[in-house]
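Close look at the chain arrangement
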Amino acid sequence: MLLQRFAKNLEQVQYLMFDKPDEDRTATLALSLEGKSLWIHREYLAQFSPQLKRLLLEDMKDSKKVKLPNKLADMRELLQCLYPPFKPIDGKKFFDKNC
């Protein structure tokens, strides 16, 4: 039960991660699928395959929004596989003045 609840919460966080531009504007491209936008980081995704690299860094390098014929659910699933689980970094733990 706990694992199922964690998985559901993680999925909700990842949906939020892609469904709106991040507040500090690090997302570099909006993928438009079935009338919805998924905000991604083109440089990060380009590392996963030569096809993505060509598409994101060469063919669409000046685009801010790209319409794709793919299914929204399929693209969400791909992004959830490629992006690591989202967990905010606690500044106290990683940037402690005593380190």
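Residues numbered from 1 in each chain as written. Predicted model: local features only at pLDDT ≥ 70, side-chain atom pairs only at ≥ 80, totals over all residues. Heavy atoms only, no water.

Description of helix α4 (residues 72-82)
- Of all the positions in α4, only L72, M75, R76, L79 and L82 are classed as buried. Buried positions in α4, seen along its axis, are confined to an arc of 130° and lie on one side of it. Facing away from the buried side of α4 by more than 90 degrees, the exposed set consists of A73, E77 and C81. (Buried < 20%, exposed > 50% of the residue type's maximum accessible area, 1.4 Å probe, protein only. Helix = DSSP H or I, 4+ residues; strand = E, 2+ residues; numbered from the N terminus. Arc of directions from axis to C-beta.)

Description of the pairing of strand β2 (residues 36-40)
- Pairing of strand β1 (residues 29-33) with β2 involves 5 bridges; the strand directions are antiparallel. Bridge pairing links S32 to S37 in β2.
- Between β1 and β2, which pair antiparallel in sequence order, lie 2 residues; one of them, E34, sits at a positive phi of approximately 50°. (Pairing = 2+ DSSP bridges.)

Focus: the environment of N70
- With respect to the helices and strands, the residue N70 is situated in the loop between β3 (65-67) and α4.
- Given the relative accessible area of 35%, N70 is considered partly exposed.
- In sequence terms N70 and L33 are 37 residues apart; their C-alpha atoms lie 6.4 Å from each other.

Quick look at unusual backbone geometry
- The phi dihedral of E34 is positive, around 50°, even though this residue is not glycine.
- Along the chain, the position of E34 falls in the loop between β1 and β2.
- With relative accessibility at 53%, the residue E34 sits in the exposed group.

Looking at the sheet that holds β3
- If you walk across this open sheet you meet the 3 strands as β2-β1-β3, and the pairing is mixed. Sheet topology places β2 and β3 at the edges, where each strand pairs with a single neighbour. Here the strands of the sheet are splayed against their neighbours by 25° on average, with no regard to which way each runs.
- Bridge count between β1 and β3: 3 bridges; the pairing is parallel. Paired with L31 across the strands is V66, a residue of β3.
- Sheet contacts for α4: β1 and β2; angle to β2, the most-contacted strand, approximately 15°. (Axes fitted to C-alpha atoms, helices over the stretch in contact; angles between N-to-C directions. Contact = heavy atoms within 4.5 Å.)

Concerning the confidence of the model for the chain
- Residues of the chain with pLDDT of at least 70 account for 62%, and the chain-wide mean is 75.
- By mean pLDDT, helix α1 (residues 2-19) is the weakest element of the chain at 54, and helix α2 (residues 42-46) is the strongest at 90. (pLDDT = per-residue confidence, 0-100.)

Re the packing of aromatic side chains
- All chains considered together, the criterion is met by 2 aromatic pairs.
- Ring centres 5.3 Å apart and planes at 75° place the aromatic pair Y44 and F48 in the edge-to-face group.
- Here Y44 falls in the partly exposed class, since its relative accessible area comes to 28%.
- Ring centres of Y44 and Y83 lie 5.0 Å apart, and the angle between their planes is 40°; this geometry places the pair in the tilted category. Of this pair, Y44 sits in helix α2 while Y83 is found in the loop between α4 and α5 (91-94), placing the two residues 39 residues apart along the sequence.
- By way of ring pairs, the aromatic residues Y44, F48 and Y83 are connected into one cluster. (Phe/Tyr/Trp six-rings, centres within 6.5 Å; stacked < 30°, edge-to-face > 60°.)

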